[in-house]
Amino acid sequence: MASRRTPTLPFDIAPFAPLIEGIVALLHPHAEVAVHDVKQDRIVAIWNPISNRSVGDESLLGELPAHESGFGVLGPYEKIGIDGHRITSVTVEIANGAGLVCVNLDRFALDSAIEALQRFAQAVTPQPSALFERDWREEISRLVDEWCRQQHIDRNRLKRDQRIEIVRLLDEKGLFATRNAGTLIAATLGVSRATIYSLLQKARS
């Protein structure tokens, strides 16, 4: 709930309070929601004040992105918090423009997670050719994976005609010439060895 409220309000925020409290609960502890009186340029209610502001503080509405009255919803737009964290904000008009509801989401946790994922996703050193140039098992796995990625298809959801295309590709690369390759390809595509050779016959025809 709001930390403090002024004794008298220029408009009724009670109809909006349950929705605001729901937003704060959903995004807790990363979101602050403030209600502003446009005429007085003051905060009249605030939930989870991560910006250390209080009811009665100046709203500083002049810091909002350029806009005209009657905008309805403004944003998302970016701000920088007092702690240096990036903040994504959305501003919504209420009470026929007499009030504003500002939702401020502290992006620190999200940005940290994105940074960590990007580090893991960085390109790794290419496979040493001396180790893998004769590894037909690795080649089969790589080619199947690349084909599925390019077609945006889950390997476990391949249809018969798609498996035929993959088998044709592997055959063109000469990978069926290796002993026991059929068994590995069958396991890779999730079918029996007999099915693989049936698909191979179809691909060659």
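All of the points below concern the structure found in this document. (Residues numbered from 1 in each chain as written. Predicted model: local features only at pLDDT ≥ 70, side-chain atom pairs only at ≥ 80, totals over all residues. Heavy atoms only, no water.)

The next subject is the overall build of the chain. Looking only at helices and strands, the chain has seven helices and five strands in total. In sequence order, the secondary structure elements of the chain are arranged as α-β-β-β-β-β-α-α-α-α-α-α. For the chain, the proportion of contacts with a sequence separation of at least 24, taken over those separated by at least 6, is 42%. As displayed, the chain has an accessible area near 13,200 Å², and 52% of this comes from carbon and sulfur atoms. (Helix = DSSP H or I, 4+ residues; strand = E, 2+ residues; numbered from the N terminus. Contact = heavy atoms within 4.5 Å. Areas by Shrake-Rupley, 256 points an atom, 1.4 Å probe, with all protein chains shown as cover.)

Turning our eyes to something else, we now look at helix H7 (residues 193-204). Under the 1.5 Å per step criterion, the end-to-end length of H7 is 17 Å for twelve residues, consistent within 8% with the ideal 16 Å. Within the sequence span of H7, burial applies to Ile 196, Leu 199, Leu 200 and Ala 203. All buried residues of H7 lie within an arc of 105° about the axis, which places them on one face of the element. Among the exposed residues of H7, those pointing more than 90 degrees away from its buried face are Ala 194 and Gln 201. The inward-facing, buried residues of H7 contact helix H5 (160-172) and helix H6 (181-189). (Expected span 1.5 Å × (residues − 1). Buried < 20%, exposed > 50% of the residue type's maximum accessible area, 1.4 Å probe, protein only. Arc of directions from axis to C-beta.)

Quick look at the packing of H6 against H7 now. Packing of H6 against H7 brings their axes to within 8 Å, and their N-to-C directions diverge by 100°. If you check the angle between H6 and H7, you find them roughly perpendicular. Residues Gly 182, Thr 183, Ile 185, Ala 186 and Leu 189 of H6 pack against Arg 193, Ile 196 and Tyr 197 of H7. Of the residues contributing to the contact of H6 with H7, the split by class is five nonpolar, two polar and one charged. (Axes fitted to C-alpha atoms, helices over the stretch in contact; angles between N-to-C directions. Parallel < 35°, antiparallel > 145°, perpendicular 65-115°, else oblique. Nonpolar A, V, L, I, M, F, W, Y, C, P; charged D, E, K, R; others polar.)

Another aspect to go through is the sheet that holds strand E5 (residues 99-106). Here five strands make up an open sheet; going across it, the order is E2-E1-E5-E4-E3 and the pairing antiparallel. The sheet is open, and its two edges are formed by strand E2 (42-47) and strand E3 (73-80), each paired on a single side. The mean inter-strand angle of the sheet, taken between neighbouring strand axes irrespective of direction, is 25°. The pairing of strand E1 (residues 31-37) with E5 spans seven bridges and is classified as antiparallel. When the sheet's bridge partners are listed, His 36 is paired in E5 with Leu 100. (Pairing = 2+ DSSP bridges.)

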